[in-house]
Amino acid sequence: MTSPSSFRSALRWLAALAAALVCSAAFAQAAAPVILVVGDSISAGYGLPRGAGWTTLLQQRLETEHYPHRVVNASSSGDTAAGGRARLAALLAQHHPAITIIELGGNDGLRGGNPDTLRNNLDAMAAMAQKAGSHVLLVGMRLPPNYGPAYVQRFEATFAEVAKARKIALVPFLFEGFGEDNAMFQQDRIHPVAAAQPKLLDNVWRELRPLLGMSGKTR
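Residues numbered from 1 in each chain as written. Predicted model: local features only at pLDDT ≥ 70, side-chain atom pairs only at ≥ 80, totals over all residues. Heavy atoms only, no water.

A. Representation of the nonpolar core in the model. Counting 57 residues, the largest nonpolar core has Leu 36, Leu 58, Ile 101, Phe 175 and Leu 208 as its most contacted members. In contact with Leu 36, other than residues within four places in its own chain, are Val 72, Ala 74, Leu 88, Leu 91, Leu 92, His 95, Pro 97, Ile 99, Thr 100 and Ile 101. (Core = buried A, V, L, I, M, F, W, Y, C linked by side-chain atoms within 4.5 Å. Buried < 20%, exposed > 50% of the residue type's maximum accessible area, 1.4 Å probe, protein only. Contact = heavy atoms within 4.5 Å.)

B. Fine view of the sheet that holds strand β3 (residues 99-103). One open sheet holds the five strands; their spatial order is β2-β1-β3-β4-β5, and the pairing between them is parallel. In this open sheet, the two edge strands, each paired with only one partner strand, are β2 (70-73) and β5 (169-171). Strand-to-strand twist in this sheet, taken as the mean axis angle between neighbours without regard to direction, amounts to 20°. As paired strands, strand β1 (residues 34-39) and β3 are joined by five bridges and run parallel to one another. Bridge assignment links Val 37 to a residue of β3, and that residue is Ile 101. Sitting on the sheet, helix α3 (residues 54-64) is in contact with β1, β2 and β3, with an inclination near 170° to β2. With respect to the sheet, helix α7 (residues 149-166) is in contact with β4 (135-139) and β5, its orientation differing from that of β4 by roughly 165°. (Pairing = 2+ DSSP bridges. Helix = DSSP H or I, 4+ residues; strand = E, 2+ residues; numbered from the N terminus. Axes fitted to C-alpha atoms, helices over the stretch in contact; angles between N-to-C directions.)

C. Expanded view of the pattern of salt bridges. Counted under the stated rule, the structure contains nine salt bridges. Among the ionic pairs, Arg 87 bridges to Asp 79, the shortest N-O distance being 2.8 Å. With a shortest N-O distance of 3.0 Å, Arg 119 and Asp 116 are connected by a salt bridge. With Arg 119 and Asp 116 both in helix α6 (residues 115-131) and three residues apart, this pair spans about one turn of that helix. Among the charged side chains, a salt-bridge network with shared partners connects Asp 116, Arg 119, Arg 154 and Glu 161. (Salt bridge = Lys/Arg side-chain N within 4 Å of Asp/Glu carboxyl O.)

D. Layout of α6. Between its first and last C-alpha, α6 extends 24 Å over 17 residues, near the 24 Å set by a 1.5 Å rise per residue. Listing the buried residues of α6 in full gives Pro 115, Leu 118, Asn 121, Leu 122, Ala 124, Met 125, Ala 126 and Ala 129. Buried-residue contacts for α6 involve β1, α4 (81-95), β3, α5 (106-110), β4 and α7. One side-chain oxygen of the residue at the start of α6 lies 2.8 Å from the amide nitrogen of Asp 116, identifying that residue as Asn 114. (Expected span 1.5 Å × (residues − 1). Polar contact = N/O pair within 3.5 Å; in protein donor to acceptor, adjacent residues only side chain to side chain.)

E. Quick look at the packing of aromatic side chains. Applying the stated criterion across every chain yields a total of seven aromatic pairs. Between Phe 173 and Phe 175, the ring centres sit 5.8 Å apart and the planes meet at 55°, which makes this aromatic pair tilted. According to the relative accessible area criterion, Phe 173 is buried, its value standing at 10%. Lying across the ring of Trp 205, Arg 61 places its NZ or CZ 5.3 Å from the centre. (Phe/Tyr/Trp six-rings, centres within 6.5 Å; stacked < 30°, edge-to-face > 60°. Lys NZ or Arg CZ within 6 Å of the ring centre and 35° of its normal.)

The structure is reproduced here in C-alpha cells:
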C-alpha cells in the first residue's frame, strides 16, 4: 500500500509536470511569429458560421504547410482605414507581428470617401507597421460600376499607389476570380459566403507566401 507521504509526493510531481507543460505551451505560442490581420467585416467573418472565415482557414493552411506563424485577427465589422489607423499602434505594441495584413478601404469606398484620404490612411498604416519591423501585405478592393467610372478607377488605383510607394506586397483584388458571381455572396451582395472563403484565402496566399520564409518541412 502506498504511504500518504508517497502519495502526496506523487501529487506534487504531477502538479509540477502539468505546470511545466502549460508554461511550455504558452511559451511556444508566444514565440510563434504573428500574422496580424487588420480588416473590416470581410475578414471579421460577417454572416459566416464560426470558424468559416478566410483568416481561420489561413491558420489551418499554415499548420498544414508546417509554418510556425500564429494568426491574430483584429478585424472589425464596419471599420474604415481611419479606424484601422487609430487602432494599429496599440495592436503593433501588443502583438509585435512579423507580418501585418491590411484589409481596409472597402467601407471608405462604399461611403464615397475621398480617395486621397484613404491613401493617406493606408500609407500611414503601412509606415507604422514597417517602423515596427513588420512586413506588410495590403489587400486591394474594387467598387461596383454604379459609383461612376472616374471614382471607381481612382479608388482602385489607391491601393497600388500605396503598395508602390511603400514597396510592400499587394493583393490587387480580394474578390479576384469570383467577384461577378452572385452565388458567392450573401444577400447584401457585399459579404462573401462560406463557399467563397477558400477563394479569398487563395488570393491572399499568393502574395503572403513569399513573406513567410521557409516552412518547417523544407528546413
